[in-house]
Structures are given as C-alpha cells and as structure tokens.
Amino acid sequence: KAGTKHIAEGLLALSESTEEPAISHLDLEDCTFGSGDDEDEDAIAPFAKALGKFKHLRFLNMKDGDIGCGGLSLLLDALKTSNARLTDFLLDANGEIGSEGAEMLGEWLISQVT
C-alpha cells in the first residue's frame, strides 16, 4: 500500500507541475489503492486528484487494486473532470465495489457515450 501511495503522490506532483500532462497509458495492475476511507494510508485520493488532469489518458489498468466503492467514486469523478476518452479501462478483481459501485460504473459508462 505504501508503494502505491508513493506512485500516486508522484503522479500528483507531475500533474501539478505541468498544465497538461501527456500521459496516455497507465498500467497499475496489482497496486493497492484502497477505498478512500483512510486518507493517511490510501493512495486513491492523491491518484484521483492527479487523474483529473490526465485528459490524454486512453488506457488505465487498475486490476486487483483493492479500490472499493468509495475509491471507485473518487476515480470516476476524476475521469469526468479530466474528460479523458478511455479506450481501455481495466478493473478486474475489484469485487469490493458491490452493486452500488456497479451502478456508479454503469452511470459513468453511459456518460461516455452522450
């Protein structure tokens, strides 16, 4: 978890150092982001803040990221803010999102086609 938080903080620093980060591909499989419930430990909040500036992002792999429903909410809000048009968004093995998270994801997917 600590390693993922370091990566998230690095991406946040990058996003704050330039107007438009040119990141198009992020493969963060097996990184433990957390649900956002523990601000001191979880990496999802700084990652989501950075993600909000990655408008060129096309590929995002967060398989097995222990995201949880709260983390998914932060993630989807950041993607809406960025206006990134993902062609690949991998969330396998994040079963902790449950039906509430599935509903949020469905609403976000609908927003991508309208």
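Residues numbered from 1 in each chain as written. Predicted model: local features only at pLDDT ≥ 70, side-chain atom pairs only at ≥ 80, totals over all residues. Heavy atoms only, no water.

Comments concerning the packing of aromatic side chains
Okay, step 1: If you walk through the whole model with that rule in mind, you get 2 aromatic pairs.
Okay, step 2: Ring centres 5.1 Å apart and planes at 50° place the aromatic pair phenylalanine 33 and phenylalanine 47 in the tilted group. Within this pair, whereas phenylalanine 33 is found in the loop between strand 1 (25-27) and helix 2 (44-51), its partner phenylalanine 47 is found in helix 2, the two being separated by 14 residues in sequence. We note that phenylalanine 33, like phenylalanine 47, is buried. (Phe/Tyr/Trp six-rings, centres within 6.5 Å; stacked < 30°, edge-to-face > 60°. Helix = DSSP H or I, 4+ residues; strand = E, 2+ residues; numbered from the N terminus. Buried < 20%, exposed > 50% of the residue type's maximum accessible area, 1.4 Å probe, protein only.)

Observations regarding the packing of helix 1 (residues 2-17) against helix 2
Two measures define how a pair of helices packs: the angle their axes make with one another and the distance between the axes.
Okay, step 1: Where helix 1 meets helix 2, the axes come as close as 8 Å, and the angle between the chain directions of the two elements is 25°. Classified by the interaxial angle, the pair formed by helix 1 and helix 2 is roughly parallel. Once helix 1 is placed against helix 2, the crossing between them reads as left-handed. For the pair formed by helix 1 and helix 2, the contact residues are Ala8, Glu9, Leu11, Leu12, Ser15 and Glu16 on the first element and Pro46, Phe47, Lys49 and Ala50 on the second.
Okay, step 2: When its residues are assigned to classes, the contact of helix 1 with helix 2 shows 6 nonpolar, 1 polar and 3 charged. (Axes fitted to C-alpha atoms, helices over the stretch in contact; angles between N-to-C directions. Parallel < 35°, antiparallel > 145°, perpendicular 65-115°, else oblique. Left-handed = near helix turned anticlockwise from the far one by under 90°. Contact = heavy atoms within 4.5 Å. Nonpolar A, V, L, I, M, F, W, Y, C, P; charged D, E, K, R; others polar.)

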